[in-house]
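Breakdown of the fold
Here is how the chains run, residue by residue.
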Amino acid sequence: MTAAVKLQPPGYEALNPQSAMQYMARLKQIADALGGDIARWDCEEVGDGNLNLVFIIKGTTGAVVLKQALPYVRMVGDSWPLPLYRAHYEHLALTEQFLHAPTLVPKTYHYDEPMALTVMEYLTPHVILRKELIAGKRFPNLATHLGHFMAQNLFFTSDLALTAEQKRQKMTPYLGNIAMCKITEDLIFDEPYFKAPMNRHTKGLDDLAKSYQHDVPLKLAAQEMKWRFLNAPEALCHGDLHTGSIMVSDTDTRVIDPEFAFYGPIGFDVGMLLANFVMAYFAQDGHADKPGARDDYKEWILSTAIATCETFISEFSNLWQSRAGEAYQTRVISPSENPAALDVRMKQISNDVLGFCGVEIIRRILGLAHNIDFEMISDHDVRAACERKALMFGRELLVNRQDYPTPKEFVAAIKEL
Ligand code: SR1
Ligand code: MG
């Protein structure tokens, strides 16, 4: 018996398209909405992420998504067992996020703990944002939506909005998402900085891969960020907020997949997301059909990344004014002291954003889990050239993050590369 099979609790069975439809047929209300006759349903497994099964089930009058956790890491196989309980945290986080940003997450219809599955809204004509950034598409509302999503969720799950008792109660369940946090602890903060067996990188980057493993200021900075990740339960973080966890249509945006949800530093999600925009930016030269063809689009990505952070900062700062939680109470901080208090907090958040942005970029190029932004560049020399710029930028941010107090310095540094 393999380790993964041993992990399967009673009542769990990994579904296939046929059994997924049979499962759904037993959920009377949802089955009715799909159009009662199962013989006329259609089901496809479309999961292209690293971990789970994702089925789209279409009936004659509706469609739903069924997402099921596998007891192992899909991208590696059953030699790497992974607890099914992550489905519980994903469902918990989706429910919490729906309270704070109801239009920006998929609706959930059904959760089955033993089967580690959630049935949720089928988003159409939405597609994964990462793919659209590779294709060169623009989304005018994206920055507003994403900045709003982060500000709402991070503020309202923090000590700025909750009493100490409420915050501790909300935080406690997430302490159990140990295996998912461990993936982040290993893959993001440690493995790129030593010769980890699953690390890989594009040919042509050997020099940087090797030098980063002996780069003391870089390794210390990465470990400082890991310390923040481990020791700063400030708010409920999505935990894996990259452009593959966002679905978009021309006008709509939905944040999916919070199975890595944990209580962590407010800058974590913002930094992850920023990193993935930065990587999309640096990958564009590899997707251009002729030199310069994507220059305007690169500007759009950069301005969207900055606008996302600015929306987050301005909404979070506005919410700060109405805070009624445990921290920074108005009985202590007078109105005239308010700007200084906010400034200190935002500086810490910005510092974290840049640090987490740096480690995310580096791990996506030198670690196990890469991005298709770069992987889809078929010419390895071109890919290595794009990745090299991103790696250098990631290192610079991580080591010298105090030198980037505003977007101006950030943009200038990107453009210099
Ligand atoms: C083994 S899981 C690898 C990566 O995929 C997820 O999307 C997370 O980003 C994780 O680090
Ligand atoms: Mg995911």
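This text goes with the structure placed above it.
This report concerns the structure included in the present document. (Residues numbered from 1 in each chain as written. Chains lettered and ligands numbered in written order. Predicted model: local features only at pLDDT ≥ 70, side-chain atom pairs only at ≥ 80, totals over all residues. Heavy atoms only, no water.)

1. Digging into the overall build of the protein chain
Looking only at helices and strands, the protein chain features 16 helices and 12 strands. With the C-alpha coordinates aligned to their principal axes, the bounding extent of the protein chain is approximately 60 × 60 × 45 Å. For the protein chain, the residues scored as buried account for 56% of the 417 residues in total. In the protein chain, the share of contacts with a sequence separation of at least 24, taken over all contacts with a separation of at least 6, comes to 74%. Taken as a whole, the protein chain presents about 17900 Å² of accessible surface, with 56% of it coming from carbon and sulfur. Each charge sign in the protein chain was given a centre, from 41 positive and 52 negative side chains, and these centres are 1 Å apart. (Helix = DSSP H or I, 4+ residues; strand = E, 2+ residues; numbered from the N terminus. Buried < 20%, exposed > 50% of the residue type's maximum accessible area, 1.4 Å probe, protein only. Contact = heavy atoms within 4.5 Å. Areas by Shrake-Rupley, 256 points an atom, 1.4 Å probe, with all protein chains shown as cover. Lys, Arg positive; Asp, Glu negative; His and termini not counted. Charge placed at Lys NZ, Arg CZ, Asp CG, Glu CD.)

2. Notes on the nonpolar core
Of all hydrophobic cores here, the largest spans 91 residues; its most connected members are Phe312 and Phe316. Other than its neighbours up to four places away in sequence, Phe312 contacts Gly147, Met150, Ala151, Leu154, Ile266, Val270, Met346 and Ile349. Counting residues in hydrophobic clusters, the runner-up holds 26 residues, among them Met21, Ala31, Leu66 and Val119. (Core = buried A, V, L, I, M, F, W, Y, C linked by side-chain atoms within 4.5 Å.)

3. Brief notes about the layout of surface pockets
Empty space left among the atoms is revealed by rolling a probe the size of a water molecule over them. Here the largest pocket defines a volume of roughly 1200 Å³. Around the largest pocket sit 49 residues that line it, and Asp48, Gly49, Ile128, Gly244 and Asp257 are the ones nearest its centre. Broken down by secondary-structure element, the contributors of at least two residues to the lining of the largest pocket are β2 (52-58), β3 (63-69), β7 (117-121), β8 (127-128), α5 (129-135), α8 (178-190) and α13 (338-366). Broken down by element, the lining of the largest pocket gets its largest block of residues, 4 residues, from α8. Classifying every residue of the lining of the largest pocket gives 24 nonpolar, 13 polar and 12 charged. (1 Å grid on protein atoms, 1.4 Å probe; cavity = no way out; pocket = protein on both sides within 12 Å on 5 of 7 lines; lining within 4 Å. Points joined across faces, edges and corners; volume = space filled by probe spheres on them. Nonpolar A, V, L, I, M, F, W, Y, C, P; charged D, E, K, R; others polar.)

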